[in-house]
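Summary of the model geometry
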Amino acid sequence: MPHKGQDHKKIAKIKRGTLLISLILLLFVTTFMAVVLGAASIPLKSALAILLPPFTGLDGLFKGVEITEVQRGIILQLRLPRVMQAAIVGASLAVAGAVFQGLFRNPMADPYVIGVSSGAALGAVVAMLTGGTLFFAGFTAVPLFAFIGGVLTITLVYYMSRVGKVVPVMTLLLAGIAVSAFLSAVVSLLTYFAGEKLDQVVFWMMGGVGGASWARVTAMLPYVIVGFCCIYYYAKELNVLLLGEETARHLGVNTERVKKILLAAASLLVAAAVSTSGIIGFVGLVVPHFIRMLVGPDHRILLPASSLLGANLLIAADTLARNIIAPAELPVGIITAMVGAPMFIYLLKKRKKLRYFNTR
Amino acid sequence: MSLNLRVHGLSIGYDSLPILDDMNFNLQGGEMVALLGPNGAGKSTLLRCISKALEPIKGTVFFNGREAGSLSAAEIARQLAVVPQDTGVDFDFTVEEVIQMGRFPYDKGSRKNKTNNESIVNSAMEITGIFSLRHRSAATLSGGERQRMVFARALCQEPELLLLDEPTANLDIGYQWELLDIVLRLNREKRVTVIAAIHDLNLATLFFRQFILLAGGKVLASGSAEEVLTEENILASYGVQASIFRHPLHGRLQVSVGKDSMSSMQKKVRDGEKRVHVIGGGQEALSVLEALWEKGYSLSLGPVSREDSGYHFAHFFDIPVIENPPFSSISDEMCKEHLKLMQESKWIVLPPISFGEENLRNLETMAEAMAQGIPGIVFGEQAEERDFTVGKAASFLERLKGQGAFFVNDSEEALACMKNNEIHKKTD
């Protein structure tokens, strides 16, 4: 009998490994596709020659290929940072979604559920309307204000939902929804008076990774890396928290501290994503569910796999957004919602296999 | 592996409304205590407070003399495990994954006991009989299986103090027994201190030697079964009349409740005019008495000794009974009394009791009453095997047959016989 148990474990391990490796390979493919495809058509060979740096020793293959400085600029300064930003934002949203769903033990939770997005939106709209051209740590005024708005909101929600010394997740969820609704109303009010800046505001809120630059990518990166590391460190705690807060405490999880850290880390990811790319829906909702269906709820695999799939998904969606009505662009939020919503409904229909909240 | 627990001045409540007020008790390491009390008495609340799931309003819990508040969650989880009341499972971990989480308090610190983990998890699954289910999704388990899974997880924590909140509520009697047996073994072999909130008092007296009875936010009584399980305490805490007696098989105290409601309810529908007199006692008579009582007949009984189960039955339901002093034969006076009871009855029933020299006079009295026109029913099955009078009883039975007694094989036949003859009489 123990032999059979070993087999079971081995199979699970192989399954997890295969998933991660194929998602990484897929990431290379989507990245390459995204860099090659675009309004300005660049031959495949030129693109390869630009992307594969000389030190790989492969430059010999592309000797005859002509590369213009414009092509180099488009690929290295426009498309590549854009793909990077899409990957980072997609991964952040997916991981934050997984964390919120686990923390709230609620399959409907998404990265925006506790009001981070509305707070960030308010910050962004304020920045746009005041027309500030502030620069700080690589952020222009809009991302900076959005980031501050998001972080302030989650802090407010957290302290609002305190009951005595503890913060019950249900209260947190409800407070988040209430604050979110209020801030959305304020955003709508401001939008109403936006005047000639209405286009800019609306376009930002639809979400998109346009205007990406290496500076922005490198500015986001530290926040995102810190957020990811914190969250992954507590992957096991997240598993135990799925059994319920009280059980988690009985099993030795310092629930209040872990909740606070996870909440802060996930909010950091969301704030970074929203501040640079606006509100992009459904990535954080659908991706973790999809991974759960494949490998179960264990956060040790769910978190990295979700981040990879989220990155893939947003790169692909952004490529579509750039190319579908080229040379114009669609906001990527529209693509993710149009793909994500039907997919989510499909998942709901297959609820029995949702590997999460089984209705008893 | 045992832990001293001290609860000092503990007041606990929700929304500052105290549920438990100024609780004080000490538990020596290796003790095994059943926590009793009615619904809402605060059993779960007390356990939750000991496990630090709930902050007390005031007071302190000490583990081995150390204040619980000064210990980290992981430190506590290495000493104390909780098996809560059944909680729903709404995630899709496998049973094994859930049980492995019992090792969580040991995982974070050092990596070296990783290999140890697997054998601990496996043995916990084997002890609780859930090994074969280990690859199933926890969400698909039945209530009993889930309870055993949670218990296995608690075992993985290698606790020195085990808190059980209604651990047997969802289990069938087989698993109830098995689970409490495991608890008992843990307590005896590893000196694990155990506190279990438990509703089934009779199950509690089988496995526990010490009791704490909660009522009205206080400890109403604590100590041995004899000290705690008294009729007054049961009435004061649970609000029901109870009869306390020793179990005839294992001698532990048993609590039987509902005497009032049972007897008063059944008195109303009982027709005093249609009384049936049952001769003799013992287990054989008891089944006949129960069947007649259930059908609404009023009864009288005799003669039986004080230790007889028939006597307890008569006492419980306030039925007229002739008491026969132990180890003595039936006196003339008793015979007279017996005859009087028979004369007042509509029927005389002779259950399948054994016959000895001592109780032959009862048969004689029955014959006398039948001669006066009271109909009799005799359970005739295997009469020879019950006859310890070298045939004397047999001749009495022959005589009763001659007097027109109905011979039946079981209670059902007896009831049918009584019913048929009533109808017959009415049509006369």
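Residues numbered from 1 in each chain as written. Chains lettered and ligands numbered in written order. Predicted model: local features only at pLDDT ≥ 70, side-chain atom pairs only at ≥ 80, totals over all residues.

1. Comments concerning the overall build of chain A
- Scanning chain A from terminus to terminus reveals 14 helices and two strands.
- Counting all 360 residues of chain A, 47% fall into the buried class. (Helix = DSSP H or I, 4+ residues; strand = E, 2+ residues; numbered from the N terminus. Buried ≥ 20, exposed ≤ 12 C-beta atoms within 10 Å, placed from the backbone.)

2. So, the sheet that holds strand E1 (residues 5-14) of chain B
Residue and element names in this part refer to chain B.
- Reading across the sheet, the four strands line up as E2-E1-E4-E5 and stay open at both edges, with antiparallel pairing between neighbours. In the strand order of this sheet, the two ends are held by strand E2 (17-27) and strand E5 (66-67), each with one partner.
- Sheet topology note: the E1/E2 ladder contains seven bridges and is antiparallel. In the sheet register, Arg6 faces E2, and the bridge partner there is Asn26. (Pairing = 2+ DSSP bridges.)

3. Remarks on the pairing of strand E12 (residues 253-257) of chain B
All names here are of chain B.
- By the bridge criterion, five bridges tie strand E11 (residues 242-246) to E12 in an arrangement that is antiparallel. Each bridged residue has a counterpart across the sheet, and for Phe245 the counterpart in E12 is Gln254.
- Linking two consecutive strands that pair antiparallel, namely E11 and E12, is a turn of six residues; a positive phi of about 80° is found at Gly251 within it.

4. Some words on the packing of helix H3 (residues 69-104) of chain A against helix H12 (residues 283-295) of chain A
All names here are of chain A.
- Contact geometry of H3 with H12 gives a least axis separation of 7 Å together with a crossing angle of 70°. By the angle class used here, H3 and H12 are roughly perpendicular. Contacts between H3 and H12 involve Gly90, Leu93, Ala94, Ala96, Gly97, Ala98 and Gln101 from the first element and Val283, Gly284, Leu285, Val287 and Pro288 from the second.
- The residue makeup of the contact of H3 with H12, split by class, is eight nonpolar, four polar and no charged. (Axes fitted to C-alpha atoms, helices over the stretch in contact; angles between N-to-C directions. Parallel < 35°, antiparallel > 145°, perpendicular 65-115°, else oblique. Contact = placed C-beta atoms within 7 Å. Nonpolar A, V, L, I, M, F, W, Y, C, P; charged D, E, K, R; others polar.)

5. Side note on H3 of chain A
Residues and elements named next belong to chain A.
- Taking 1.5 Å per residue, 36 residues should reach 52 Å; H3 reaches 51 Å between its end C-alpha atoms and fits that length.
- For H3, the principal kink sits at Arg79 and spans about 30°; a proline, Pro81, occurs within the next four residues.
- Of the residues one or two after H3, Arg105 is the one with positive phi, at around 45°. (Expected span 1.5 Å × (residues − 1). Bend = angle between axes of the 7 residues up to and from the residue.)

6. Section: the packing of helix H5 (residues 141-160) of chain A against helix H6 (residues 169-192) of chain A
Residues and elements named next belong to chain A.
- At a closest axis distance of 9 Å, the pairing of H5 and H6 adopts a crossing angle of 135°. Comparing their axes, H6 and H5 come out oblique. Pair H5 / H6 crosses with right-handed handedness. Where H5 abuts H6, its residues Thr153, Leu156, Val157 and Met160 lie against Leu172, Ala175, Gly176, Val179 and Leu183.
- Grouping the amino acids of the contact of H5 with H6 by side-chain chemistry returns seven nonpolar, two polar and no charged. (Left-handed = near helix turned anticlockwise from the far one by under 90°.)

7. What about the environment of Met205 of chain A?
Residues and elements named next belong to chain A.
- Considering the arrangement of structural elements, one finds Met205 in helix H7 (residues 198-206).
- When the 19 C-beta atoms within 10 Å are taken as the criterion, Met205 is described as partly exposed.
- Along the backbone, Met205 and Val274 are 69 residues apart, and their C-alpha atoms lie at a distance of 9.2 Å.
- With residues near it in sequence (within four places) discarded, Met205 still touches Ala121, Gly278 and Ile279.

8. Let's talk about the interface of chain A and chain B
- Of the residues lining the interface, 23 residues belong to chain A; the matching set on chain B comes to 24 residues.
- Class assignment for the residues of the side of chain A that touches chain B results in eight nonpolar, eight polar and seven charged.

9. Here's the deal with the domain arrangement of chain B
- The domain boundaries assigned to chain B delineate domain 1 (5-238) and domain 2 (259-427).
- Inter-centroid distance (C-alpha atoms) of domain 1 of chain B to domain 2 of chain B is 50 Å. (Domains from an automatic or database assignment.)

10. A look at unusual backbone geometry
Residues and elements named next belong to chain B.
- A cis geometry characterises the amide bond from Gly302 onward to Pro303, with omega recorded as -20°.
- If you trace the backbone, Pro303 turns up in strand E14 (residues 297-304).
- With a phi angle near 50°, Asp22 is a residue other than glycine that sits in the positive phi range.
- Relative to the helices and strands, Asp22 is located in strand E2.
- We classify Asp22 as partly exposed; it has 14 C-beta atoms within 10 Å.
- Unusually for a residue other than glycine, Glu166 sits at a positive phi of about 50°.

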